[in-house]
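Fold and contact review
The primary structure of each chain is shown beneath.
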Amino acid sequence: MGRSRRTIPEELLLLALDPTTGTTAQPQSLDLGLAGAQLVELALAGRIAPDGDRIAVVMPRPTGDPTLDSALELLRRRGSPVRAVHWIGGPRLGLRQTYLSHLERCGMVHAVAGQMCGVLPTTRYQATDTAISREIRSRLDSAIRTGVPPDPRTAALAALAHAVGLGKHLYPGNEGRSSRSRLRDLIRHDPMGGLVAHAVMDVQNGAVAQPRRNQAAGAPLQPQVQSQSRRDSMVHTAAH
């Protein structure tokens, strides 16, 4: 995979960045969305494919993207197809920060150090090239406005944006209601994006139990997700 093209996780994160505050909208669900966006990107690269509600590795060869390849290797080690909700609902410590740091290295954002409550060190991220964010946004706007089926990448991005709740960030208020509705409808234009987006929403709704045949023995993964979300809920607290 060449690095001339931005990945869907990168674009989802850029969409979520607030240009005024330097924070990310919907930070808790965004973490789930980034894990789902990795699956979509790997599917577009031909490394994985949907198998019902599960994800199967069909080509374990690395993509050249270290973060995606780490996810691909974890999927390969499972040995058998994994349910999308279980993959997305698993712990993803530091995934958002990993992508923010990557965007900083690529020069697409820059870090601004600060403090929370005058004590806790924090880091905000400002886009360095707003044209990139505008281009991503314009693709969504065009798909919403024209009703023309978008390309698979844009359709998947729209599905994930809806799934993590970015609709109210991108198209706020009563005037944005119809746009939010059309953003939701774009979910049907990409099967993999739709599968992953529904899995993200299922995790948020707590519907992460084992399949019915194992439901009595299976334990929901949602408490893990909630614990992860509480740990990550503070805005970009710097690790250093």
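Residues numbered from 1 in each chain as written. Predicted model: local features only at pLDDT ≥ 70, side-chain atom pairs only at ≥ 80, totals over all residues. Heavy atoms only, no water.

Brief notes about the environment of R83
Along the chain, R83 turns up in strand β3 (residues 82-83). Spatially, the C-alpha atom of R83 lies 8.9 Å from that of D51, the residues being 32 residues apart in sequence. (Helix = DSSP H or I, 4+ residues; strand = E, 2+ residues; numbered from the N terminus.)

Details of the pairing of strand β1 (residues 48-51)
Both β1 and strand β2 (residues 54-57) contribute to a ladder of four bridges, which runs antiparallel. Pairing of I48 across the sheet is with V57, part of β2. A loop of two residues connects β1 with β2, the two strands running antiparallel in sequence, and G52 in this loop sits at a positive phi of about 70°. (Pairing = 2+ DSSP bridges.)

Let's talk about the layout of surface pockets
Quantified by volume, the largest pocket comes out at close to 280 Å³. Lining the largest pocket are 14 residues; nearest its centre among them are L14, L15, L17, P19 and S133. Elements with a minimum of two residues in the lining of the largest pocket: α1 (8-16), β5 (120-127), α6 (130-146) and α8 (167-170). Of the residues in the lining of the largest pocket, the class split is seven nonpolar, four polar and three charged. (1 Å grid on protein atoms, 1.4 Å probe; cavity = no way out; pocket = protein on both sides within 12 Å on 5 of 7 lines; lining within 4 Å. Points joined across faces, edges and corners; volume = space filled by probe spheres on them. Nonpolar A, V, L, I, M, F, W, Y, C, P; charged D, E, K, R; others polar.)

Overview of the pattern of salt bridges
This structure, assessed with the given rule, holds 11 salt bridges. Two residues, R6 and E11, come together in a salt bridge whose shortest N-O distance is 3.3 Å. Overall, R6 belongs to the partly exposed group, its relative accessible area being 22%. Close ionic contact of D31 with R96 constitutes a salt bridge, the shortest N to O distance being 2.7 Å. A residue pair is termed long-range when its members are at least 10 positions apart, and D31 in helix α2 (residues 27-44) and R96 in helix α5 (residues 95-105) qualify at 65 residues. Summarising the burial analysis for this pair, D31 and R96 share the class buried. (Salt bridge = Lys/Arg side-chain N within 4 Å of Asp/Glu carboxyl O. Buried < 20%, exposed > 50% of the residue type's maximum accessible area, 1.4 Å probe, protein only.)

Remarks on the sheet that holds β1
Spatial ordering of the open sheet is given by β1-β2-β3, a layout of three strands whose pairing is antiparallel. Unpaired on one side and paired on the other, β1 and β3 mark the two borders of the sheet. As judged from the two bridges shared by β2 and β3, these two strands associate in the antiparallel manner. If you follow I55 over to β3, its bridge partner there is V82.

Geometry only, nothing functional implied.
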